[in-house]
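Analysis of the macromolecular model
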Amino acid sequence: MNSSPDRVPFADLGALHNDLREQFDSVWQDVLERSAFVGGAYVSAFEADWASYCGAAEAVGVANGTDALALSLMALGIEPGDEVLVPSNTFIATAGAVAMVGAVPVFVDVDPVSLLVTPETLAPALTSRTTAILPVHLYGHMADMPAIMRFARAHGLAVIEDAAQAHGAMRNNVKAGASGAAGAFSFYPGKNLGALGDGGAIVTNDLVLMERLRSLSNHGRDTADRYVHPLRGVNSRLDALQAGLLSLKLAELDEWTAMRRAVVDEYRRGLGDLWSHVVDEPPGSFSVWHLLVMRVQNRSAFQEYLDAHGIDTGIHYPVPCHQQGAFKHLPERSLPVCEQAAGEVVSLPLFPHMTSEQVGRVVDAVRMALETRGE
Ligand SMILES: *Cc1c(COP(=O)(O)O)cnc(C)c1O
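Report on the accompanying structure. Given the structure is predicted, the values throughout are model-derived calculations rather than measurements.

Description of the overall build of the chain
Counting its secondary structure elements, the chain contains twelve helices and twelve strands. Against the compact-globule benchmark of 21 Å for 375 residues, the chain has a radius of gyration of 21 Å, which places it among compact chains. Structurally, the chain occupies a C-alpha span of about 70 × 55 × 35 Å along its principal axes. Put simply, the chain has 375 residues, and 53% of those count as buried. Taking the contacts inside the chain whose residues are at least 6 apart along the sequence as the reference set, 69% of them involve residues at least 24 apart. Here the chain has roughly 15800 Å² of accessible surface; of this, 52% comes from carbon and sulfur atoms.

Points about the environment of Pro124
By the secondary structure assignment, Pro124 is in the loop between α6 (119-122) and β4 (130-133). Put simply, Pro124 and Ser72 are 52 residues apart on the chain and 24 Å apart in space, counted from C-alpha to C-alpha.

Examining unusual backbone geometry
Look at the link from His316 to Tyr317: it is a cis peptide, with omega at 10°. Here Tyr317 shows up in the loop between α10 (299-308) and α11 (336-344). Here Tyr139, not a glycine, exhibits a phi torsion of approximately 65°, which is positive. Take Tyr139: it is sitting in the loop between β4 and α7 (145-155). For Tyr139, a relative accessible area of 2% corresponds to the buried category. One non-glycine residue, His219, adopts positive backbone phi at about 65°. Mapped onto the elements, His219 comes out in the loop between α8 (207-216) and α9 (240-271). You can call His219 partly exposed: its relative accessible area is 32%.

Here's the deal with a nonpolar patch on the surface
A surface patch of nonpolar side chains, amounting to about 370 Å² of accessible area, comprises Trp28, Leu32, Phe37 and Val38. Position of Phe37 relative to the elements: it lies in the loop between α2 (21-34) and α3 (41-54).

Observations concerning the site of the ligand
The local shell around the ligand holds 13 residues, among which Gly65, Thr66, Asp162, Ser186 and Lys191 are the closest. Here a nitrogen atom of the ligand sits 2.8 Å away from a polar atom, N or O, in the side chain of Asp162. Compared with its free state, where it exposes 380 Å², the ligand has 93% of that area covered by protein. Of all the secondary structure elements, the ones that give two or more residues to the shell around the ligand are α4 (65-75) and α5 (93-100). A breakdown of the residues in the shell around the ligand according to their chemical character gives four nonpolar, seven polar and two charged.

Focus on the sheet that holds strand β3 (residues 104-108)
Reading across from one edge, β1-β9-β8-β5-β4-β2-β3 is the order of the seven strands in this open sheet, with mixed pairing throughout. Sheet topology places β1 (58-62) and β3 at the edges, where each strand pairs with a single neighbour. Neighbouring strand axes in the sheet, compared pairwise and without regard to direction, differ in orientation by 30° on average. Packing against the sheet, α3 makes contact with β1, β8 (182-186) and β9 (200-204), and its axis sits at approximately 125° to β1. Against the sheet, α8 touches β1, β8 and β9, its axis set at about 15° to β1.

Describing the side chain of Gln358
Following the sequence through the fold, Gln358 ends up in helix α12 (residues 356-371). At 2.9 Å, the side chain of Gln358 and the backbone nitrogen of Thr355 are in polar contact. If sequence neighbours within four positions are ignored, Gln358 has contacts with Val8, Pro9, Phe351 and His353.

Notes on the layout of surface pockets
Roughly 730 Å³ of internal volume is contained in the largest pocket. Taken together, 38 residues form the lining of the largest pocket, with Tyr188, Pro189, Gly190, Lys191 and His290 sitting closest to its centre. If you list the elements that add at least two residues to the lining of the largest pocket, you get α1 (13-18), α4, α5 and β8. Across the lining of the largest pocket, the residue classes break down as 21 nonpolar, twelve polar and five charged. If you go around the second largest pocket, you meet 19 residues; those closest to its centre are Gly39, Arg214, Ser217, Asn218 and Arg237.

Quick notes on the pattern of salt bridges
Going through the model one piece at a time under the given rule, you end up with twelve salt bridges. A salt bridge links Asp307 to Arg7; the shortest N-O distance between them is 2.7 Å. One end of the pair, Asp307, is in helix α10; the other, Arg7, is in the segment before α1, with 300 residues separating them in the sequence. We classify Arg7 as buried; its relative accessible area is 14%. Taking the shortest distance from any N to any O, the salt bridge between Arg171 and Asp144 comes out at 4.0 Å. Taken together, the residues span a long stretch of sequence, with Arg171 in strand β6 (residues 170-171) and Asp144 in the loop between β4 and α7 at a distance of 27 residues.

Criteria and cut-off values
- Residue positions are given per chain, counted from 1 along the sequence in the order it is written.
- Residues qualify for local features only when their pLDDT is at least 70, as the model is predicted, and side-chain atom pairs are given and counted only at 80 or more; totals for whole chains, interfaces and linings, by contrast, use all residues.
- Side-chain metrics in this entry use all non-hydrogen atoms of the structure; hydrogen atoms and water are not considered.
- Per the convention used, a helix needs a DSSP run of H or I reaching at least four residues, while a strand needs a run of E reaching at least two, with both numbered from the N terminus.
- Radius of gyration here uses only the C-alpha atoms, and the compact-globule reference equals 2.2 Å multiplied by the residue count raised to the power 0.38.
- With a 1.4 Å probe rolled over the protein chains alone, any residue whose accessible area is under 20% of its type maximum counts as buried; one over 50% counts as exposed, and the rest are partly exposed.
- By definition in these notes, contact holds between two residues if any of their heavy atoms fall within 4.5 Å.
- Each accessible area is a Shrake-Rupley result for a 1.4 Å probe, and residues are judged covered by the shown protein chains and nothing else.
- A patch consists of residues exposed above 30% relative accessible area that lack any salt bridge, with like charges linked at up to 9 Å and nonpolar side chains (Val, Leu, Ile, Met, Phe, Trp, Tyr) linked at up to 5 Å.
- Counted as salt bridges are all cases of a side-chain nitrogen of Lys or Arg within 4 Å of a carboxyl oxygen of Asp or Glu.
- A single heavy atom is enough: if one lies within 4 Å of a molecule or strand, its residue is considered near that molecule or strand.
- Counting of polar contacts relies on pairs of N or O atoms within 3.5 Å, with two restrictions inside protein: one atom must be capable of donating a hydrogen and the other of accepting it, and residues adjacent in sequence are counted only when both atoms are side-chain atoms.
- Charged residues are taken to be Asp, Glu, Lys and Arg, nonpolar residues to be Ala, Val, Leu, Ile, Met, Phe, Trp, Tyr, Cys and Pro, and polar residues to be all remaining types, Gly included.
- The pairing criterion is simple: DSSP has to find at least two bridges between the two strands.
- Note on geometry: axes are lines fitted to C-alpha atoms, helical ones only across the stretch in contact, with angles between N-to-C directions running from 0 to 180 degrees.
- Put simply, the grid is 1 Å and covers the protein atoms alone, a cavity is a trapped set of points that fit a 1.4 Å probe, a pocket is an open set with protein on both sides within 12 Å along at least five of seven lines, and lining residues have an atom within 4 Å of a point.
- Grid points are joined across faces, edges and corners, and a volume is the space filled by probe spheres set on the points.

Structural data, given as structure tokens:
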């Protein structure tokens, strides 16, 4: 990211944290005072707040979003040999978590408009070994969970929502993470709710599953006796410091989401007809707009034009997972929607404190870049 003052940055974490500095300091002083660095009151308080924010019964803090996914799979009994359906147009961690538990990620295509999985895109990949589905609420846009849950029930599959980009997104008034057996969140600093380091959480309404998750994430410990290990677990916990900082930031999250949505409205008005290039929120849903993604032909020329006009962009993601070297041992698949999207998507600057002047500059540059090429 170029920090030169006349560039429009892709994101701006500094602006997000400026007003909270003193509160951050007092959490750190308090954690130091208590010498309670792992677990404890800050973690329990954040877990309770996060569960209630998501409309779920319970939350367990873990070390990062990838572990949140892998622990959910483990707790649901997904084993080596099992096949888990995963969209190919996602951050690699979605599929990586499946591989971590020894299961096989089976990549599926997505809807050509929303770029999200649907029962129609999942169905062709079903086999007798399929045991779970991992829908991803990509870019902050929520997948159609009622339809996916009906499909899963009809085929006896577990559903784990990858909500790492969708903190607070809603469909039919149900929040991301609250429909599946488990919902996995990342608090990587750049996510809509980010720690000042790594962090993650799992939400669920299943209290038995929650007990397993608590144990699995803490060395497979018995919850009553710390020297008894009935499960083969891992060490994946949320630090007290991060939990304390996350609670402070959670209090601001709805406001930041509203600011993101106001920025998106400015983009929508400014882009006019060109808004049709944007991957929009699905009808009837409330997106938290983790990313504002356009689809353009000749993307590298588009990005170079914006860069020359002082505007940073990103690509989420240029190579679909099924074409990554990490998964080249799996049977080859043709997933035309994911493959085409990977060549066209480009993410524009979007962050809560983005000014109208900054949006205006991006809109003007996008207009020039597209109109001079007659798109
Ligand atoms: C960030 C992200 C993850 C992984 O989260 P980490 O905290 O970085 O491990 C998983 N899935 C998606 C879609 C993500 O964006």
